[in-house]
Amino acid sequence: MTFIDDILNYDSLSIVGLQKNTGKTVSLNYVLDRLPVERKRIAVTSIGIDGETTDQVTRTQKPEIYLRQGMYFGTSEMHYRQKRIVSELIDVSDENTSLGRVVTAKALTGGKILLSGPSSSSGLKRWMKDMHRVGLDLVIIDGALSRMSLASPAVSQSMILATGAAYSTNMNTLVQQTAFVVDLIKIPLTSQENLDLLLPIEKGVWFKDSDGALHEIKTVSSLSQEIRFEGMDDCKTLYVAGALVDGFLEKVRKNPKLKSTELVVRDFTKIFVTPQQFRLFHKLGGTIHVLQKSKLIAVTVNPTSPLGVVLDSDTLCARLSEAIQLPVYDIMRLKDAEEKTANTICN
Amino acid sequence: MQLRDHIESPCGLRYVFEQLELQSGYTRRWMLDMPMMRTGEEIAQSYATLRQFVDFIGRVDTPYINTLQFRLQGLKDIRTTIKNLENKAVLDDIELFEVKHLAILAVDVAERLKAHEMDDAVKVPDLNEVITILDPDGLKMATFYVYDSYCQELRDLRAQMRQHPDKQEDLLLECAEIEEGVRRDLSQKLFGFAKALHEAQIALARIDMYLAKALQIKQLGLCFPTIAEGDVTHYEAMFHPQVKDALEMRKRAFQPVTLTFGQKPTLITGANMGGKTVVLKTLTLCQYLFQYGFGIPAQSADIAVKDEIFFCIGDEQSIEKGLSSFAAEMKNIDAVIKASRENRKIVALIDEPARTTNPTEGTALVSALVKVLRGDNVSLVMTTHYDIEPTDARCLRVKGFENGTMNYELVEVQDGEVPHEALNIAESLGIDSQWISEAREILTRANSIPLEKERRTLR
């Protein structure tokens with residue numbers, strides 16, 4: 001069954017949309033509908049608010065998240081009170097969001113819910129850890145990339161990326177830009193030694209010398225134009241805990257002392273560079289690694305844009321699949337096809 | 001005054017507090033809101049309970065304590081929910097969950113303590129009845145929803161819902177009405193338990209606190225103090241945990257200090273870097289720890305109970321407040337004098353008063369301060385570099401440099417003469433030699449006037 005079996009190899013999955021209306025919720029519902037809930041204990045939450053009945057920005061109809069009986073979910077107090085299913089509370093956390101504390105419950109009937117989970121990466125990680133501790137097999141995160149979220153979907157082991165005409169109605173641009181994001185997701189992990197050293201550091205710019213000693217570079221942030229690489233003749237690894245931007249990457253690339261330096265960022269969501277700068281950096285022999293990485297399981301597309309433009313699904317899937325060397329699915333069509341097959345078998 | 005008001009005292013109280021292994025955020029907030037104990041009975045009671053906990057962790061195995069601590073992590077602040085119950089409001093699912101969760105936790109923890117004869121150490125109200133109300137199926141699980149067992153009709157509707165997902169929306173509405181009725185009934189049954197729930201929450205916080213304090217006594221090597229009958233406080237080999245840890249990081253050892261003070265003002269003189277300020281810090285810290293019922297960092301301690309604790313040290317925040325360091329200091333000490341006149345028992349620990357002004361007036365101010373704070377209700381310990389008339393006070397001196405190393409021991413001296421070791425110490429620090437030798441020359445010239453005469457003229 002497509003990529004569903006693949007998901008079961010991991011203990012966490014995030015479903016990430018490149019833009020609103022790229023079919024993220026459709027993909028999530030597709031996955032939730034097909035996971036073997038009888039033999040796997042599954043929990044779902046979201047980064048920030050999600051699951052509104054209509055999209056708050058474009059006012060288009062949004063499909064709701066449909067939970068099956070037996071699934072666990074994490075949402076805010078406010079949305080829990082609005083739930084339209086029968087469910088049993090199993091935890092009320094100290095984790096506060098703008099919509100109240102994050103509560104966790106088990107669905108006793110199937111039904112639609114509003115999801116709004118932890119709003120920070122550390123909160124999300126704690127929630128995931130709690131879920132695994134009480135014996136859940138798979139935690140699914142309804143993630144967001146385009147929104148200003150403090151929580152990174154890269155904390156999950158695996159990922160599904162939703163893209164589509166809402167991101168760009170020009171097929172060339174859509175394929176190129178999606179492929180670029182896929183390139184970022186595929187950036188390899190740094191060494192175990194660096195992971196141990198750098199994971200606890202959540203801000204600043206740091207470098208590691210050949211003795212393995214860590215030094216902080218005095219700067220306001222990596223966004224600063226003022227950044228100078230002084231006293232860094234022996235820089236093995238350069239770590240940017242915050243955002244990686246064009247200006248910084250360019251300075252690293254142009255500095256002869258940093259020619260063989262490994263650049264490390266927290267995860268791919270912290271990279272805000274243009275494809276041109278990124279490719280140039282690689283072409284000139286630069287190395288870039290991450291501290292957190294998710295395995296990209298599949299890419300899904302929604303060929304319809306909220307403004308009504310519809311791209312040709314087959315061409316889009318084929319071209320994107322070729323560009324990223326991964327299977328690409330149009331979930332709506334997939335569902336239709338599966339239903340047809342099911343009907344044929346029944347009839 | 002609460003712990004919250006004292007925690008930032010520069011004596012290092014926060015350091016000791018932060019080292020407590022508290023399991024619940026609620027315990028932490030509850031402790032910060034605790035008023036300082038001001039009577040011997042209260043303090044004695046608190047230490048008696050703490051002693052029970054120290055015995056308890058000594059006789060049960062570590063996994064048992066770990067499990068108990070893990071359970072206490074589940075202690076949440078549900079004051080708002082309890083308030084709603086007191087106000088006879090209908091609780092919603094989340095609030096009912098909170099009540100059930102607390103009740104199950106309280107019963108569980110109480111049983112764990114009872115198994116080791118600890119049930120009289122902290123009394124936890126019996127909330128079994130609350131569990132019965134919120135657990136109709138007797139599952140003993142800390143989860144909640146409006147169970148099917150509360151109402152047959154609800155059970156039927158939900159069964160229909162599972163069979164006919166298409167009719168779910170309508171059935172949900174019907175269910176909602178019944179559920180609300182069940183919640184009203186449940187809330188009504190729970191109204192009478194508001195007080196017990198409140199008490200249980202505090203009892204669990206106390207257990208969390210006593211466990212953490214008991215473990216801290218073991219970890220930091222703290223002692224149980226005795227409560228002094230009179231005004232005299234005595235410490236045998238006291239130490240400052242924070243300074244000790246900092247020294248250990250640099251592979252150096254803390255030299256414990258033995259000290260008695262209380263009736264007469266006590267003056268501590270001694271060379272620079274002789275640890276005078278650390279002594280005052282430690283005294284202040286120990287006094288706070290005593291009046292908040294913590295273990296005391298000393299081999300033994302006999303401590304007098306006070307109404308108020310004053311620690312006056314060069315205040316770095318004074319510049320922010322727009323006061324000169326002298327003005328800030330004078331105001332702080334003024335508060336001590338005012339309090340001493342209100343007939344409250346106070347302990348005042350003052351570090352080098354009037355240090356920033358000229359030595360002539362400084363000496364006069366300090367001598368006068370000793371006289372002013374001589375009252376029966378004041379226990380004064382003060383450090384100074386000035387020569388003070390010894391008749392009004394007991395004088396202690398840091399032993400100082402011996403064979404190139406600092407001996408921090410305090411010895412009683414008959415005269416109040418301060419040691420003149422500043423130049424030697426500066427030299428040992430490798431300070432510019434020209435500066436030091438110039439100073440030495442000036443001193444030799446000045447010393448041609450007999451020192452005693454100079455002192456007499458100062459007075």
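What counts as what
Residues numbered from 1 in each chain as written. Chains lettered and ligands numbered in written order. Predicted model: local features only at pLDDT ≥ 70, side-chain atom pairs only at ≥ 80, totals over all residues. Heavy atoms only, no water. Domains from an automatic or database assignment. Contact = heavy atoms within 4.5 Å. Buried area = accessible area lost by both parts, 1.4 Å probe. Salt bridge = Lys/Arg side-chain N within 4 Å of Asp/Glu carboxyl O. Polar contact = N/O pair within 3.5 Å; in protein donor to acceptor, adjacent residues only side chain to side chain. Nonpolar A, V, L, I, M, F, W, Y, C, P; charged D, E, K, R; others polar. Phe/Tyr/Trp six-rings, centres within 6.5 Å; stacked < 30°, edge-to-face > 60°. Helix = DSSP H or I, 4+ residues; strand = E, 2+ residues; numbered from the N terminus. Buried < 20%, exposed > 50% of the residue type's maximum accessible area, 1.4 Å probe, protein only. Lys NZ or Arg CZ within 6 Å of the ring centre and 35° of its normal. Pairing = 2+ DSSP bridges. Axes fitted to C-alpha atoms, helices over the stretch in contact; angles between N-to-C directions.

**So, the domain arrangement of chain A**
Quite often, the size of an interface is put as the accessible area lost when its parts meet.
Residue and element names in this part refer to chain A.
Okay, step 1: Segmenting chain A into domains produces domain 1 (4-186 + 293-346) and domain 2 (192-290).
Okay, step 2: Listed per partner, the contact involves 11 residues of domain 1 and 10 residues of domain 2.
Okay, step 3: Regarding the contact of domain 1 and domain 2, the summed buried area is about 930 Å², with carbon and sulfur atoms giving 75% of it.
Okay, step 4: Here domain 1 and domain 2 share one salt bridge between them.
Okay, step 5: Taking the shortest distance from any N to any O, the salt bridge between D183 and R279 comes out at 3.0 Å.
Okay, step 6: In this assembly, domain 1 and domain 2 are joined by one residue pair in polar contact (both at pLDDT 80 or more).
Okay, step 7: In terms of residue class, the side of domain 1 that touches domain 2 is built from eight nonpolar, one polar and two charged.

**A closer look at the packing of aromatic side chains**
All names here are of chain B.
Okay, step 1: Tallied over the full model, the rule gives 12 aromatic pairs over all chains.
Okay, step 2: Their ring planes at 90° and their centres at 6.3 Å tell us that F53 and F56 sit as a pair that is edge-to-face. In this pair, F53 and F56 both sit in helix α4 (residues 40-59), three residues apart, roughly one turn of the helix. We note that F53, like F56, is buried.
Okay, step 3: Seen from their ring centres, Y145 and Y147 are 4.6 Å apart, and the 50° between their planes marks the pair as tilted. In this pair, the class of Y145 matches that of Y147, namely buried.
Okay, step 4: Among the aromatic residues, ring-to-ring pairing joins F53, F56, Y64 and Y210 into one connected group.
Okay, step 5: Stacked on the ring of F224, the Lys or Arg R51 has its end atom at 4.2 Å from the ring centre.
Okay, step 6: Its end group placed over the ring of F294, K213 keeps NZ or CZ at 4.7 Å from the ring centre.

**Describing the sheet that holds strand β12 (residues 205-208) of chain A**
Residues and elements named next belong to chain A.
Okay, step 1: Across the sheet, five strands lie side by side as β13-β12-β14-β16-β18; this open sheet has mixed pairing. Only two strands of the sheet have a single partner each, and these edge strands are β13 (214-217) and β18 (287-290). Adjacent strand axes in the sheet meet at a mean angle of 25° when their direction is disregarded.
Okay, step 2: Here helix α7 (residues 246-254) sits on the sheet in contact with β12, β14 (237-240) and β16 (262-265), set at roughly 175° to β14.

**Remarks on the domain arrangement of chain B**
Residues and elements named next belong to chain B.
Okay, step 1: In terms of domains, chain B is made up of domain 1 (3-212) and domain 2 (221-420).
Okay, step 2: The gap between the C-alpha centroids of domain 1 and domain 2 is 43 Å.
Okay, step 3: Facing 27 residues of domain 1, the contacting portion of domain 2 comprises 25 residues.
Okay, step 4: When domain 1 packs against domain 2, close to 2,300 Å² is buried across both sides, 72% of that on carbon and sulfur atoms.
Okay, step 5: Counting the contacts that link domain 1 with domain 2 gives zero salt bridges.
Okay, step 6: At the junction of domain 1 with domain 2, the criterion picks out seven residue pairs in polar contact (both at pLDDT 80 or more).
Okay, step 7: Looking at the side of domain 1 that touches domain 2, the elements with two or more residues in it are α1 (3-6), α2 (13-18) and α4.
Okay, step 8: Taken together, the residues that form the side of domain 1 that touches domain 2 break down as 18 nonpolar, seven polar and two charged.

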